[in-house]
Every structure is written in structure tokens, then in C-alpha cells.
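# Analysis of the macromolecular model
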Amino acid sequence: MIKYKDYLQSEHWKMTRKKALDFYGRECNRCGDKRYLNIHHKNYLNYGCEQMEDLEVVCKSCHQKIHDKKRTVPIPDKRGARQLRKEIKRLRSFVMRNY
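Scope of this entry: the structure provided in the associated data block. (Residues numbered from 1 in each chain as written. Predicted model: local features only at pLDDT ≥ 70, side-chain atom pairs only at ≥ 80, totals over all residues. Heavy atoms only, no water.)

## Digging into the pattern of salt bridges
Any two side chains of opposite charge can pair, on the condition that their charged atoms come close. Under the criterion given, the structure shown has six salt bridges. A salt bridge links R26 to D22; the shortest N-O distance between them is 3.0 Å. Among the residues examined, R26 registers a relative accessible area of 44% and is labelled partly exposed. Since its relative accessible area comes to 46%, D22 is described here as partly exposed. Residue D33 is joined to R35 by a salt bridge in which the shortest nitrogen-to-oxygen separation is 3.3 Å. Relative accessible area serves as the criterion here: at 53%, R35 is assigned to the exposed category. Salt bridges sharing common partners tie together K18, D22 and R26. (Salt bridge = Lys/Arg side-chain N within 4 Å of Asp/Glu carboxyl O. Buried < 20%, exposed > 50% of the residue type's maximum accessible area, 1.4 Å probe, protein only.)

## Section: the environment of S10
Summarising the element assignment, S10 is placed in the loop between helix 1 (4–7) and helix 2 (11–24). In sequence terms S10 and G48 are 38 residues apart; their C-alpha atoms lie 9.8 Å from each other. Among the polar contacts listed, one links the side chain of S10 to the backbone nitrogen of W13, at a separation of 3.1 Å. (Helix = DSSP H or I, 4+ residues; strand = E, 2+ residues; numbered from the N terminus. Polar contact = N/O pair within 3.5 Å; in protein donor to acceptor, adjacent residues only side chain to side chain.)

## Re the pairing of strand 2 (residues 55–59)
When you tally the buried positions in strand 2, you get five out of five residues, the bulk of the element. Note: strand 1 (residues 37–41) against strand 2, five bridges, orientation antiparallel. Across the sheet, N38 pairs through a bridge with V58, a residue of strand 2. (Pairing = 2+ DSSP bridges.)

## What to know about the environment of E50
The residue E50 is located in the loop between strand 1 and strand 2 in this model. Separated by 30 residues in the primary sequence, E50 and A20 have C-alpha atoms spaced 9.9 Å apart. Not counting chain neighbours up to four residues away, the residues in contact with E50 comprise Y7, H12, W13, T16, H41 and L55. A distance of 2.8 Å separates a polar atom in the side chain of E50 from a polar atom in the side chain of Y7. In terms of polar contacts, E50 uses its side chain to reach the side chain of H41, at 2.8 Å. (Contact = heavy atoms within 4.5 Å.)

If you want it as C-alpha cells, here you go:
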């Protein structure tokens, strides 16, 4: 399979990008800006054969925010961390009993 970075330079992607802009309109789906538009893949499972529902038109700023959110991992408070450890212990026990 072609690398994602290389795919974004392909003629196929350029045509898919144009179709997405024509389909959704030439403005950011999140803030309405009409400048610096990107096409965001909502998931990467279908790259190369995307459906319109796999894509979203967003401005550069909103696109960056989307990817920044994906990189951010919330840090649980002490009570949340305790609950998380308890749940992990319960799941480990379940797996050991059943597999």
C-alpha cells in the first residue's frame, strides 16, 4: 500500500479532494472560514477509496485543533486513577478466568 504522505501527492487524492470541496462546499465545516481549506480524514481505514462520509472540509486552524485533540490524553484525578486501576484489575481477572 502507498504511504499516506505519498498518497496525498497523488492525482487520485487531488481529484478526491476536489470532489469533497464540491460536495461539502468551500468553507470550513467547523468555523465557516473560506481560507486555507484542508480535507480531514475522519478515519484512515479507507484512504485510497474514501467515501464522502470519511472526509470533512476544515480550515487549517480547525484541522490542527482536531489533530491536537487526538494527541491529548486526559490525566485522571486521584479518584479517577483509582477507579481505572480497579477496572484494569477486574478485566485482567476476567481474562485469566476465561482465556
